[in-house]
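Residue-level listing of the chains:
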Amino acid sequence: MKFNPLFILPNLFTAGSIFLGVLSVVFASKGNFENACWLILFSMVLDGLDGRVARLTNTSSKFGVEFDSLADIVAFGVAPAFLLYFYIGIDYGRVGMSVPALFVILGAVRLARFNITSSSEPNFFIGLPIPSAAVVLMLWILIDLEYGLIETYGYEYMMLIGSFIISVLMVSNIRYPSFKKMQWNFKSFIAVILLLGIVFVKPQETLCVLMSGYVVYGVVRWIVIVAKMRLSTKSNQRSIDK
């Protein structure tokens, strides 16, 4: 059987994602938090490219799928957890250690569930994807580095609580939109161009608003659906009583 050298290409992107995740941990441990944050974002870019490259080169494989999951644990589980710990958790004893640990554990559970289940809703993820959770966390830290919210408003408590909530959302049944099968047209192309322009001017702020809005959207959508279901149930019950 001939070895196809193209199989190496997507796995190089995956390996690069792991490498950047490890570098992020190293930078965070040395107090270089800004670089640690951006390395996680670049890991997300590589993570998005490996699957697309595999499909374009027709080199998708079970090995690649498993390798990608292991890479996600490092780049989007371990790296942001250490970033959170060295940035805030180190000053809060057991709580400061527990929240980052839970982030990694629940992120691993999220990936394991994703690997063994096939969703009947291809346009949605069940639970918050771990790359999104990692990027939201690092964007919060970037915003704090820019504006000093921790010292001004005691933002550290909110960040620890928010990190815990994000961890739980990863293993929830809340649906989050998937843009993998998004239908592109002229309007969406123009919207992306405008968005890139805004990101270029205010990268941290724009990305933080977008990603935080993505997290909140899933929760609000779930609340609305649950409320509608309860109202519908009550309405049906009243009809039966009559």
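Residues numbered from 1 in each chain as written. Predicted model: local features only at pLDDT ≥ 70, side-chain atom pairs only at ≥ 80, totals over all residues. Heavy atoms only, no water.

1. Some details on the overall build of the protein
A count of helices and strands for the protein gives nine helices and two strands. Traced from its N-terminal end to its C-terminal end, the protein shows the element sequence α-α-α-α-β-α-α-α-β-α-α. In the protein, buried positions account for 39% of the 242 residues. Considering only intrachain contacts with a sequence separation of at least 6, the fraction spanning at least 24 residues in the protein is 79%. Element-wise, carbon and sulfur atoms account for 70% of the exposed surface of the protein, whose accessible area totals about 14,500 Å². (Helix = DSSP H or I, 4+ residues; strand = E, 2+ residues; numbered from the N terminus. Buried < 20%, exposed > 50% of the residue type's maximum accessible area, 1.4 Å probe, protein only. Contact = heavy atoms within 4.5 Å. Areas by Shrake-Rupley, 256 points an atom, 1.4 Å probe, with all protein chains shown as cover.)

2. Some points on the packing of aromatic side chains
For any pair of aromatic rings, the description rests on two quantities: the centre-to-centre distance and the angle between the ring planes. In the structure shown here, the tally under the stated rule is six aromatic pairs. For the pair Tyr176 and Tyr214, a centre-to-centre distance of 5.3 Å together with 45 degrees between the ring planes defines the contact as tilted. Within this pair, whereas Tyr176 is found in strand 2 (residues 175-177), its partner Tyr214 is found in helix 9 (residues 203-241), the two being separated by 38 residues in sequence. Classification of Tyr176 by relative accessible area gives buried; the value is 0%. Each residue in the set Phe82, Tyr85 and Phe86 is aromatic and connected to the rest through ring pairs, giving one cluster. (Phe/Tyr/Trp six-rings, centres within 6.5 Å; stacked < 30°, edge-to-face > 60°.)

3. Concerning the UniProt feature "transmembrane region" (unreviewed entry) in the protein
As annotated in UniProt, the feature "transmembrane region" (unreviewed entry) corresponds to residues 94-112, 124-143, 155-172, 184-201 and 207-227 in the numbering used here. Between the end C-alpha atoms of residues 155-172 there is a gap of 25 Å, over a span that is 89% helix and 0% strand. Here residues 207-227 is 100% helix and 0% strand, with 30 Å between the C-alpha atoms at its ends. (UniProt positions renumbered as here; feature names shortened; annotations may be inferred.)

4. Remarks on the nonpolar core
Grouped together as the largest cluster of nonpolar side chains are 45 residues, with contacts concentrated most on Leu83, Leu128, Met138, Trp140, Met159 and Tyr176. Taken together, the elements giving at least two residues each to this core come down to helix 1 (8-29), helix 2 (33-56), helix 3 (62-87), helix 4 (93-116), helix 5 (130-147), helix 7 (155-170) and helix 9. Top contributing element to this core by residue count: helix 5, with twelve residues. Leave out the neighbours within four places in its chain, and Met159 touches Leu84, Tyr87, Ile88, Trp140, Ile141 and Asp144. (Core = buried A, V, L, I, M, F, W, Y, C linked by side-chain atoms within 4.5 Å.)

5. Quick look at the pattern of salt bridges
Counted under the stated rule, the structure contains one salt bridge. The partner of Lys62 in a salt bridge is Glu66, with the nearest N and O atoms 3.7 Å apart. Here Glu66 and Lys62 lie together in helix 3, a separation of four residues that amounts to about one turn. Overall, the relative accessible area of 65% leaves Lys62 in the exposed class. On the basis of relative accessibility, which here comes to 38%, the residue Glu66 falls in the partly exposed class. (Salt bridge = Lys/Arg side-chain N within 4 Å of Asp/Glu carboxyl O.)

6. A closer look at the environment of Pro10
For Pro10, the position within the fold is in helix 1. Sequence-wise, Pro10 and Asp47 are 37 residues apart; in three dimensions their C-alpha atoms are separated by 9.5 Å. Aside from chain neighbours lying at most four places away, what touches Pro10 is Asp50, Val53, Ala54 and Thr59.

7. Let's talk about the side chain of Ser163
Locating Ser163 in the fold gives a position in helix 7. Accessibility expressed as a relative area gives 1% for Ser163, which makes it buried. Apart from residues no more than four positions distant in its own chain, Ser163 is found in contact with Leu84, Val99, Phe103, Leu137 and Trp140.

8. Some words on the environment of Val74
Inspection of the secondary structure assignment puts Val74 in helix 3. Among the residues examined, Val74 registers a relative accessible area of 23% and is labelled partly exposed. Distance in space between the C-alpha atoms of Val74 and Phe19 is 8.9 Å, their sequence separation being 55 residues.

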